[in-house]
Each structure stands twice: as structure tokens, then as C-alpha cells.
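Tertiary structure, described
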Amino acid sequence: MRQDLPLFPPAASTGAHQVDAITYVWLVVAAVFSLLIAGLILYFMSRYRRRSEDAVGAPTEGHLVLEIVWTAIPLALTLGMFAWGARVFFFIYRPPSNAVEYFAVGKQWMWKFQHPEGNREINELHVPLGQPIKMIMTSEDVIHSFYVPAFRMKQDVLPGRYTTTWFKADRAGTFHLFCAEYCGTEHSRMIGSVVVMEPTDYEAWLSGAQPGQSIVASGAQLFESLACNTCHRPGAGMAARGPRLEGLFGRQVVLADGRSLIANEDYIRESIVAPAAKVVAGYQPIMPTFQGQVTEEQLVQLVAYVKSLAGTPGEGTPAVAEGATRAGTPAVAPGATAPTTPPAHPAVNPAPQGR
Ligand code: CUA
């Protein structure tokens, strides 16, 4: 029976064990206090019941030690609950720096995934065991929610922006994936599975499933076919009509209206679909929107490509973290106020594509 109706879903990630531990401990604490209080109520009801018509209780002046004890113990418990809960919260919401980035696009009514190697899947996500994986997610239409009970992980997936979550699976197997946000008629069928594989099996699956190019290579191809390179990577002797993108990710950008921001995935995505929203200082708002011309999956590829562009040495742009080719988590140079319009070095640019 337990197989058919488990009290808890399987726990298959490092985060799941942390969430379970805190849940179990506080269930026990709550049970102990509930029993203690209910027991005392029953005991006092009997002990101090009215024994005769004219009995009057003796006044009490209080009990200092007792009052300190019943204040200090719950205070310590609740502060402990806060500290432990905060620790688990930070663990869940801070992906480790070596997390590999996978992309998810929610759509009525399916989940579409892209691996860094370029493999794509629908309603099934294969991942290697023991590897921290950061999900970067967006929606094509309405709000969905990426929910894997075995990982104790649930994150809303919103149209028009990226949300992230992460997990490190520590048990091989196939686990349920749900959409946990009511998103229309077939919401309940927007389900799938996460398949956790031994790293060697995963490598075999990757190479056997879909040969092809990496997500960054797809982005590079789009970058040229959409002619992004003509403005963002001008050839020798040509004026740069758009800011250069090398080393952009994670860097501070000063905008034409004086605001500044750190270039993250949302900023890059917005700059493609709504270029006029945040124009870089020193440039004209001449870029056309690509809204409707690129799918969310292609946007993800373009974002991955721009993220992969390291600063060209000698340009004073902060270097992208070493070994970040797969993980793609460039370090932000502390206090970097690098110019957003680095001097052009046409010599290192590829020749303009014939157009
Ligand atoms: Cu998507 Cu519910």
C-alpha cells in the first residue's frame, strides 16, 4: 500500500534532503508541543475543577522562573527555526557557481528543454547524476510553474523574463515533472519526467540522442543570420552602430538615460525584443525589434551565445571566469565600471559577412 500511496515523494536531490530534514524536525517539535499543551489543558481541567459551590481560588503572584523558562524555550526554538529555515532557503535559491545551465521554455501545454550541448527534448529532461544543474526558464504564453516533487523544487515560469532554479540529483531514476500553475484547459496534462542518469549513461545518451551543435553554436549561427553582427561586430574601418557584446555579460552597463545595470540574461533578452527600452549610452535607438521573429528557444540560444563571448584581451573588459565555457557563469569583476563602449579593435573582428 505504501508503494501506491506514499506519504512523501521520493527524495532525489541534495535540496530534497535538506527540506525533508527541516520538515521532519518541525513536525516533531509541533507534535510535542501540541501534545504537551493538550495534555496540560486536560490535567488542569481535572486538577483545578470546581469542587464545591462556594470554593474560591487563592490569588497567585506569578512565578518568575517559570515565566522566564516558558519565554526562553519558545524564543530559542523559533530563532533556531528561523536560522535553519534561512540556511535552507539560501541553499535552494543560490545555485553553486559550477552549476551547468539548462534551458526550459513552458508553453500551453508542454515543457521544452535545451541542453548546453544543444540537445532538445519535450516533456522529458535527461540530466546527469551528481551535477549541479541550473534551470533558466521562460514561458511562451502564460504563467507556468516548474515542479519536481522529488527535488522539492517549484519555480514559476513567466512570459517575458527568465526565472531560475537549481538542483543536484543524487539518485538515478525517473521522477515526475508537473506544471504547478493553472494555465488553461490542459494544465493537468502538462506533465513530464526528469530522468537522472549515471554520468557515463548520460554522455552516451547525449551523443546518441541528437547529434547537432551546442546551444552556443546555434546562437552564433542566429547572430549571423539575423545580421546582428553587422552592427555589433563591424568589420575593419566601419563605425560601430551598436555596442560590442564581447565581455558584456555580468558587466555594468551605463544607459543613455543615465541609469546603470548589470547585464544579465533578462537584459540581453529584452534588448533583443525591445531594444528601445534600455539604450546603451553613446548609441542611437536604431535597432529594430526582433519580437515575433525569434522564438523563445532561439532567444535562449542568442542569450547563451552572448554570454559565451568573453572580453577580448587588452580591451579592459573584465575577463570571463575561466572554465566557464560549459557552466557559463562569468565572474563579475568587483566594482567594474568598464566602459560600455570599448574602443573598437577592428583587427580582431571577423570580416563582415557579405551584405
Ligand atoms: Cu502550465 Cu499549468
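The structure contained in this document is the topic of the report that follows. Being a predicted model, the structure only gives us computed values, none of them experimental.

**Here we look at the packing of aromatic side chains**
This structure, assessed with the given rule, holds 13 aromatic pairs. Centre to centre, the rings of F151 and F167 are 4.5 Å apart; their planes meet at 20°, and the pair counts as stacked. Taken together, the residues span a long stretch of sequence, with F151 in the loop between β6 (144-148) and β7 (153-157) and F167 in strand β8 (residues 163-167) at a distance of 16 residues. Here F151 falls in the buried class, since its relative accessible area comes to 3%.

**Things to note about the packing of helix α1 (residues 14-47) against helix α2 (residues 64-93)**
Between α1 and α2, the shortest axis-to-axis distance is 10 Å and the interhelical angle comes to 165°. When the interaxial angle is binned, α1 and α2 end up roughly antiparallel. Handedness of the crossing formed by α1 with α2: left-handed. Contacts between α1 and α2 involve T14, G15, Q18, V19, A21, I22, V25, W26, V29 and F33 from the former and I73, L77, G80, M81, W84, G85, V88, F91 and I92 from the latter.

**Here's the deal with the sheet that holds β7**
Read from one edge of the open sheet, five strands run β4-β10-β9-β6-β7, paired in mixed fashion. In this open sheet, the two edge strands, each paired with only one partner strand, are β4 (124-128) and β7. Taken pair by pair, the neighbouring strands of this sheet meet at an average axis angle of 20°, ignoring direction. The pairing of β6 with strand β9 (residues 173-179) spans two bridges and is antiparallel.

**Remarks on the sheet that holds strand β3 (residues 120-122)**
Taken in spatial order, the five strands of this open sheet run β3-β2-β1-β5-β8, and their pairing is mixed. Lying at the two open borders of the sheet, with one neighbouring strand each, are β3 and β8. Shown here is a sheet whose adjacent strand axes are inclined to one another by a mean of 25°, direction ignored. Pairing analysis gives seven bridges linking strand β1 (residues 100-107) to strand β5 (residues 133-139), with the strands arranged parallel. Within β5, the residue paired with Y102 across the bridge is M135. Against the sheet, helix α7 (residues 296-308) engages β1, β2 (110-114), β3 and β5, with an angle of about 160° to β1.

**Some remarks on the layout of surface pockets**
Where empty space is left becomes clear once a probe the size of a water molecule has been rolled over the atoms. Space inside the largest pocket adds up to approximately 590 Å³. Lining the largest pocket are 32 residues, and of these H232, P243, L245, S271 and M287 lie nearest its centre. Sort the elements by how many residues they give to the lining of the largest pocket and helix α6 (residues 265-273) lands first, with four residues. Looking at the lining of the largest pocket, its residues break down into 23 nonpolar, five polar and four charged.

**Looking at the side chain of E246**
Note on placement: E246 falls in the loop between α5 (228-232) and β11 (252-254). At a separation of 3.3 Å, a polar atom in the side chain of E246 contacts the side chain of R244.

Cut-off values and rules
- Throughout, residues of each chain are indexed from 1 in the direction in which the sequence is written.
- Where local features are concerned, this predicted model is filtered to residues with pLDDT of at least 70; where side-chain atom pairs are given and counted, the filter is 80 or more; whole-chain, interface and lining totals use all residues.
- The side-chain figures draw on all heavy atoms in the structure; neither hydrogens nor water molecules are used.
- Ring pairs are drawn from Phe, Tyr and Trp, using the six-membered ring of Trp, whenever the two centres fall within 6.5 Å, and their geometry is named by plane angle: stacked under 30 degrees, edge-to-face over 60, tilted for the rest.
- Helix numbering and strand numbering both begin at the N terminus, where a helix is a DSSP run of H or I of at least 4 residues and a strand a DSSP run of E of at least 2.
- We call a residue buried when its accessible area falls under 20% of the maximum for its residue type, exposed when it is over 50%, and partly exposed in between, using a 1.4 Å probe and counting protein chains only.
- To obtain each axis, a line is fitted to C-alpha atoms, and for helices this fit is confined to the stretch in contact; angles are then taken between N-to-C directions over 0 to 180 degrees.
- Orientation categories follow fixed angle ranges, with anything under 35 degrees roughly parallel, anything over 145 roughly antiparallel, 65 to 115 roughly perpendicular, and all other angles oblique.
- Here a crossing is called left-handed whenever its near helix is offset anticlockwise from the far helix by less than a right angle, and right-handed whenever the offset is clockwise.
- Residues are treated as being in contact if the distance between any of their heavy atoms lies within 4.5 Å.
- At least two bridges found by DSSP between two strands are what make those strands a pair.
- Using only the protein atoms, space was sampled on a 1 Å grid; points where a 1.4 Å probe fits but cannot get out form cavities, open sets with protein on both sides within 12 Å along at least five of seven lines form pockets, and lining residues are those with an atom within 4 Å of a point.
- Grid points are joined across faces, edges and corners, and a volume is the space filled by probe spheres set on the points.
- Amino acids outside the nonpolar list (Ala, Val, Leu, Ile, Met, Phe, Trp, Tyr, Cys, Pro) and the charged list (Asp, Glu, Lys, Arg) are all regarded as polar, and Gly is one of them.
- Each polar contact in these results corresponds to two N or O atoms within 3.5 Å; when the atoms are within protein, one needs to be able to donate a hydrogen and the other to accept it, and residues that are neighboring in sequence are counted only if both atoms are side-chain atoms.

These values are about where atoms sit, not about what they do.
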